[in-house]
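Secondary and tertiary structure notes
What follows is each chain in one-letter form.
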Amino acid sequence: MKSSAGSERRYGEKDTLLVLDTNEYILGLTQLKETSTRLLDILPFVEGLRVIVPSTVLEETTRNLSSIHPILVSKFNDLVYGYEGFRVVSNEDLPQSLVKKYQRLGLSSEADARIGAFTEWVEADFLVSENRHFLRDLQTTAYQVLDAAEMVRWIEANLV
Amino acid sequence: MALRKITLTIPQSLYQEAKRLIRAGYYASFTELARAGIRKELNELYTAHPSLALRAGGLMYLQRLEEIRQIIREAGGSQKTEEEVLEELRRIREEVWRERYAAGS
């Protein structure tokens, strides 16, 4: 983990930092995908794990949930803001040069590139997504890109 | 992994039994035996009482998670396949990006 190298990080110096893509929240909350469901379930059982939530991912998630039931917007905000294992961080101030870098690294969509860039910007260890563009196209050494199944296996092997 | 050194006081008979197992090769050292014993005890305890393993605020998190899932189930679920959800989320991502960042560019 980056923290063991001695460098100071803005969010969770000693923690393993995860950025979950919007699809992990939706697939885990709707229980459409077993591994995404499992990932959300095990978070409170693991010490030393912190999830950094980009503000746009929060917005995308609540926008999707509101189409199922409007009350889910406040319920999801309560879940994320009410638990110390989550930290919502605005990605408004993301350097545009970092976004461009992630477009060059394989994320042709600027919207996806902003999530890739955000993950490096907050110095996270993992980006977790079921999005094929991240899993297949993104070439970065700044962090690991895993799907939920791989992330759960990593957590169970290293932190539980 | 950070390590912490502790002093352990145990009955003489338990210590002698532990030394016997170490000499017989079941454990490399007393430290290894103590670690294995503590891990086994914690695993059994957490299996019997899962809430003991939760981080601070974890129980509230799980209750809120279940409440959200219950509302989704009562609303009939997402009514979509995984692929359809991924496609819809791609559309929402582009929509949010356009609203926030593309309007001024």
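Described in the following lines is the structure provided in the data block. (Residues numbered from 1 in each chain as written. Chains lettered and ligands numbered in written order. Predicted model: local features only at pLDDT ≥ 70, side-chain atom pairs only at ≥ 80, totals over all residues.)

1. As for the overall build of chain A
Basically, it comes down to this: Only DSSP runs of H or I with at least four residues qualify as helices, and only runs of E with at least two residues qualify as strands; both kinds are numbered from the N terminus onward. Our radius of gyration looks at C-alpha atoms and nothing else; its globule reference is 2.2 Å times the residue count to the power 0.38. Exposure classification rests on a simple neighbour count of other C-beta atoms within 10 Å of a residue's own: a residue reaching 20 or more is buried, one at 12 or fewer is exposed, and one in between is partly exposed. C-beta atoms are placed from the backbone. Here, residues touch in the contact sense if the C-beta positions derived from the backbone fall within 7 Å of one another.
Along the backbone of chain A there are 8 helices and 5 strands. For chain A, the α and β elements follow one another from N to C terminus as β-α-α-β-α-α-β-α-α-β-α-β-α. For 160 residues, the compact-globule estimate of 2.2 N^0.38 gives 15 Å, and the C-alpha radius of gyration of chain A, at 15 Å, lies within 12% of that figure. Principal-axis analysis of the C-alpha atoms gives chain A an extent of 40 × 35 × 25 Å. Here chain A holds 160 residues, and 49% of them are scored as buried. Here the contacts in chain A between residues at least 6 apart in sequence split such that 60% fall between residues at least 24 apart.

2. Topic: the nonpolar core
Counted only if it meets this: Residues of type Ala, Val, Leu, Ile, Met, Phe, Trp, Tyr and Cys that are buried and joined through C-beta atoms within 7 Å form what is called a nonpolar core.
Ranked by internal contacts, the top residues of the largest apolar core, which has 56 residues, are Leu18, Ala124 and Leu127 of chain A. In this structure Leu18 of chain A touches Leu49, Val51, Ala124, Phe126 and Val128 of chain A, once residues within four positions along its chain are discounted.

3. Notes on the sheet that holds strand 4 (residues 126–128) of chain A
All names here are of chain A. Applicable threshold: Strand pairing follows a simple DSSP-based rule, namely that at least 2 bridges must link the two strands. Here, axes are lines fitted to C-alpha atoms. For helices the fit covers the stretch in contact, and angles between N-to-C directions go from 0 to 180 degrees.
Taken in spatial order, the 5 strands line up as 3-2-1-4-5 in an open sheet, and their pairing is parallel. Edge positions in the sheet fall to strand 3 (86–89) and strand 5 (144–146), since each has one partner strand and no second. Taken over all neighbouring pairs, the strand axes of this sheet differ in orientation by 30° on average, direction set aside. Pairing between strand 4 and strand 5: 3 bridges, direction parallel. Paired with Val128 across the strands is Leu146, a residue of strand 5. Across the face of the sheet, helix 3 (residues 55–66) comes into contact with strand 2 (49–54) and strand 3 while running at roughly 75° to strand 2.

4. Points about the interface of chain A and chain B
Keep this limit in mind: Residue polarity follows a fixed list, in which Ala, Val, Leu, Ile, Met, Phe, Trp, Tyr, Cys and Pro are nonpolar, Asp, Glu, Lys and Arg are charged, and the others, Gly among them, are polar.
Across the boundary between the two partners, chain A contributes 34 residues, which contact 29 residues of chain B. For the side of chain A that touches chain B, the secondary-structure elements that each account for two or more residues are helix 1 (22–29), helix 3, helix 4 (72–81) and helix 6 (110–121) of chain A. A breakdown of the residues in the side of chain A that touches chain B according to their chemical character gives 14 nonpolar, 10 polar and 10 charged.

5. Details of the pairing of strand 1 (residues 16–20) of chain A
Along a regular strand, successive side chains alternate from one face of the sheet to the other. Residues and elements named next belong to chain A. Most of strand 1 is tucked away, with 5 of its 5 residues classed as buried. Burial along strand 1 is two-sided: Thr16, Leu18 and Leu20 facing one way and Leu17 and Val19 facing the other are all buried. The sheet contact formed by strand 1 and strand 4 spans 3 bridges and is parallel. When the sheet's bridge partners are listed, Leu20 is paired in strand 4 with Val128.

6. What to know about the packing of helix 1 of chain A against helix 4 (residues 82–102) of chain B
In plain terms, the rule: Here is the rule for angles: anything less than 35 degrees is roughly parallel, anything more than 145 is roughly antiparallel, 65 through 115 is roughly perpendicular, and the remaining ranges are oblique. In this scheme, a crossing is called left-handed if the near helix is turned counterclockwise away from the far one by less than a right angle; it is called right-handed if the turn is clockwise.
One way to put it is that helix 1 of chain A packs onto helix 4 of chain B with a least axis distance of 10 Å and a crossing angle of 140°. Classified by the interaxial angle, the pair formed by helix 1 of chain A and helix 4 of chain B is oblique. The chirality of how helix 1 of chain A crosses helix 4 of chain B is right-handed. Of the residues in helix 4 of chain B, those touching helix 1 of chain A at Thr22, Asn23, Ile26 and Leu27 of chain A are Glu82, Val85, Leu86, Leu89 and Arg93 of chain B. Residue composition of the contact of helix 1 of chain A with helix 4 of chain B, grouped by class: 5 nonpolar, 2 polar and 2 charged.

7. Describing helix 2 (residues 34–42) of chain A
Definition in use: What the arc measures is the spread of directions leading from the helix axis to the C-beta atoms.
Regarding helix 2 of chain A, the residues found buried are Ser36, Thr37, Leu39 and Leu40 of chain A. Projected down its long axis, helix 2 of chain A shows its buried positions confined to an angular sector of 160°, all on one face. On its buried face, helix 2 of chain A is in contact with helix 1 and helix 8 (148–158) of chain A together with helix 3 (58–74) of chain B.

8. Remarks on the environment of Ile52 of chain A
Residues and elements named next belong to chain A. Mapped onto the elements of the fold, Ile52 is located in strand 2. Through-space distance from the C-alpha of Ile52 to that of Val89 is 6.8 Å; in sequence the pair is 37 residues apart. Ignoring anything within four residues of it in the chain, the contact list for Ile52 reads Tyr11, Leu17, Val19, Arg87, Val89, Val122 and Ala124.

9. Some remarks on unusual backbone geometry
A negative phi holds for most residues other than glycine; trans holds for most peptide bonds. Residues and elements named next belong to chain A. Even without a glycine there, the phi angle at Gln31 is positive, about 60°. Tracing the backbone shows Gln31 in the loop between helix 1 and helix 2. Note on Gln31: 17 C-beta atoms within 10 Å, which makes it partly exposed. You will see that Glu123, though not glycine, has its phi angle at about 60°, which is positive. For Glu123, the position within the fold is in the loop between helix 6 and strand 4.

10. Topic: the environment of Arg153 of chain A
Residues and elements named next belong to chain A. Mapped onto the elements of the fold, Arg153 is located in helix 8. Using a count of 12 C-beta atoms within 10 Å as the deciding quantity, one classes Arg153 as exposed. Separated by 114 residues in the primary sequence, Arg153 and Leu39 have C-alpha atoms spaced 9.7 Å apart.

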